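The primary structure of each chain is shown beneath.
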Amino acid sequence: MRYVERKGARVPALGFGTWQLKGDECVDMVRFALDEVGYRHIDTAQAYENEDEVGQAIADSDADRDEVFLTTKVWMDRLEPDDMKRSAEESLQRLKTDYVDLLLIHWPNPEVDLDASLRALEELKSAGKARHIGVSNFTVKLLKEAVEEHGADLLCNQVEYHPFMSQTPVLDYLRGADMMLTAYCPIAQGETFGNPVLKRIGQTHDKNEAQVALRWLIEQDGVAAIPRTSNKDHCRQNFEIFDFALSDGEIAEIDGLEKGARLINPSWAPAWDTAA
């Protein structure tokens, strides 16, 4: 396993995402990821409506709670300070834990004072409810506001990131601020499969296209990835990326696949940064 180390945190660079996993399938997949494969980084969110199941799977797992880096997120309609605190407490109850390792603002909400939301996050961290705090889907402009204007001590920005969409401006800012990036949709919702460049590189290493994309991500400074799957074979394959490395030439080829292919772009999204 590789780790991303920032601000005293040691985060497994490969995690298991749980978006769209529900009910018994969610419990089964998270427990499989932990016990049968070896994941130690689990990502969920209030909006996924599966915190109960994720918490049950971790509780049932052979892994001790302190071995699992657990992330959840507060939805954008609950960012007023008092509501955020209530929301976080509800998440902890559903997750059957006294703390999460990382608590994120899921999406920015321009109708709520950002400074007030960030202060509430800091209070949750001070109270031991979250060991680290961060944001998701923040642009460079929003990151600067949070860090430079409001002085927030953030660990992470979680954003869509895969070989077909650059996050260079965000990454450059995060590295300068000693923060990490967690990549969601890291295999572009399956679009990596069939890509001729990724396929050819994979054949060189006896790996598939998704494994190459994930390796490309975690080899980058300060980047973790959280692929989601409901397929146990894919869950295991996604984890089998620590026994090879990409050459500088292969990395350059993958860098060249960028085409601005954003997959997650809801109506409430901020004005995204473009590739530098």
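Analysis parameters
- Residues numbered from 1 in each chain as written.
- Predicted model: local features only at pLDDT ≥ 70, side-chain atom pairs only at ≥ 80, totals over all residues.
- Heavy atoms only, no water.
- Helix = DSSP H or I, 4+ residues; strand = E, 2+ residues; numbered from the N terminus.
- Rg over C-alpha atoms; globule rule 2.2 N^0.38 Å.
- Buried < 20%, exposed > 50% of the residue type's maximum accessible area, 1.4 Å probe, protein only.
- Contact = heavy atoms within 4.5 Å.
- Areas by Shrake-Rupley, 256 points an atom, 1.4 Å probe, with all protein chains shown as cover.
- Lys, Arg positive; Asp, Glu negative; His and termini not counted.
- Charge placed at Lys NZ, Arg CZ, Asp CG, Glu CD.
- Axes fitted to C-alpha atoms, helices over the stretch in contact; angles between N-to-C directions.
- Parallel < 35°, antiparallel > 145°, perpendicular 65-115°, else oblique.
- Left-handed = near helix turned anticlockwise from the far one by under 90°.
- Pairing = 2+ DSSP bridges.
- Phe/Tyr/Trp six-rings, centres within 6.5 Å; stacked < 30°, edge-to-face > 60°.
- Right-handed = clockwise from strand over helix to strand, strands pointing away.
- Expected span 1.5 Å × (residues − 1).

### Description of the overall build of the chain
Next up, step 1: Looking only at helices and strands, the chain has 10 helices and 10 strands in total.
Next up, step 2: Against the compact-globule benchmark of 19 Å for 276 residues, the chain has a radius of gyration of 18 Å, which places it among compact chains.
Next up, step 3: Projected onto the principal axes, the alpha-carbon positions of the chain cover approximately 55 × 45 × 35 Å.
Next up, step 4: Taken over 276 residues, the chain has a buried fraction of 58%.
Next up, step 5: Contacts in the chain between residues far apart in sequence, at least 24 positions, make up 76% of those at least 6 positions apart.
Next up, step 6: Summing over all exposed atoms, the chain offers an accessible surface of approximately 11600 Å²; the carbon and sulfur share of this is 42%.
Next up, step 7: If you average the places of the 30 positive and of the 50 negative side-chain charges in the chain, the two averages end up 1 Å apart.

### Some details on helix α6 (residues 168–176)
Next up, step 1: Buried within α6 we find Pro169, Val170, Leu171, Tyr173 and Leu174.
Next up, step 2: Elements that come into contact with the buried residues of α6 comprise α5 (140–149), β8 (156–160), β9 (180–184) and β10 (223–225).
Next up, step 3: Once α6 finishes, aspartate 178 follows within two positions and takes phi at roughly 60 degrees, a positive value.

### Considerations on the packing of α5 against α6
Next up, step 1: Close contact between α5 and α6 brings their axes to 10 Å; oriented N to C, the two are set at 15 degrees. Between α5 and α6, the crossing angle belongs to the class labelled roughly parallel. Here the hand of the crossing between α5 and α6 comes out right-handed. Residue-level contacts link Val140, Leu143, Lys144, Val147 and Glu148 of α5 to Pro169, Val170, Tyr173 and Leu174 of α6.

### Some thoughts on the sheet that holds strand β3 (residues 16–17)
Next up, step 1: Read across the sheet, eight strands follow the order β3-β4-β5-β6-β7-β8-β9-β10 without closing on themselves; strand pairing throughout is parallel. Edge strands, defined here as strands with exactly one partner in the open sheet, are β3 and β10.
Next up, step 2: Across three bridges, the pairing between strand β4 (residues 41–43) and strand β5 (residues 69–74) is parallel. In the strand pairing of β5, aspartate 43 is matched with threonine 71.
Next up, step 3: Those strands touched by helix α4 (residues 114–126) are β6 (100–105) and β7 (130–136), and its axis lies near 155 degrees from that of β7.
Next up, step 4: Packing against the sheet, α6 makes contact with β8, β9 and β10, and its axis sits at approximately 145 degrees to β9.

### Quick notes on the packing of aromatic side chains
Next up, step 1: Taken as a whole and assessed by the stated rule, the structure comprises seven aromatic pairs.
Next up, step 2: Seen in terms of ring centroids, phenylalanine 16 and tyrosine 39 are 5.6 Å apart; in terms of plane orientation they differ by 70 degrees. Their pairing is edge-to-face. Taken together, the positions of phenylalanine 16 in strand β3 and tyrosine 39 in the loop between α1 (23–37) and β4 put the pair 23 residues apart, joining distant regions of the chain. Across this residue pair, the class does not change: phenylalanine 16 and tyrosine 39 are buried.
Next up, step 3: Arranged with centres 6.0 Å apart and planes meeting at 65 degrees, the rings of tryptophan 107 and tryptophan 272 form a pair that is edge-to-face. In this pair, tryptophan 107 is assigned in the loop between β6 and α4 and tryptophan 272 in the segment after α10 (248–255), connecting sequence segments 165 residues apart.
Next up, step 4: Judged by its relative accessible area of 4%, tryptophan 107 falls in the buried class.
Next up, step 5: Put simply, the rings of Phe16, Tyr39, Phe239 and Phe242 pair up and form one aromatic cluster.

### Considering the pairing of β9
Next up, step 1: With five of five residues buried, β9 lies mostly within the body of the structure.
Next up, step 2: Residues Met180, Thr182 and Tyr184 point to one face of β9 and Leu181 and Ala183 to the other, with burial holding for every one of them.
Next up, step 3: Both β8 and β9 contribute to a ladder of five bridges, which runs parallel. Bridge assignment links asparagine 157 to a residue of β9, and that residue is leucine 181.
Next up, step 4: In the classification by handedness, the crossover that spans β8, the intervening α6 and the parallel β9 is right-handed.
Next up, step 5: Here β9 runs beside β10; their pairing, made up of three bridges, is parallel. Along β10, the bridge assignment pairs leucine 181 with valine 223.

### Some details on helix α3 (residues 81–95)
An α-helical segment advances 3.6 residues per turn. Residues three or four places apart therefore align on the same side.
Next up, step 1: Spanning 15 residues, α3 covers 21 Å between terminal C-alpha atoms, matching the ideal 21 Å at 1.5 Å per step.
Next up, step 2: Taken together, the buried positions of α3 are Asp83, Met84, Ser87, Ala88, Ser91, Leu92 and Leu95.
Next up, step 3: Downstream of α3 by a residue or two, lysine 96 has a phi angle that is positive, lying close to 60 degrees.

Geometric descriptors of this kind do not, in isolation, establish any biological role.
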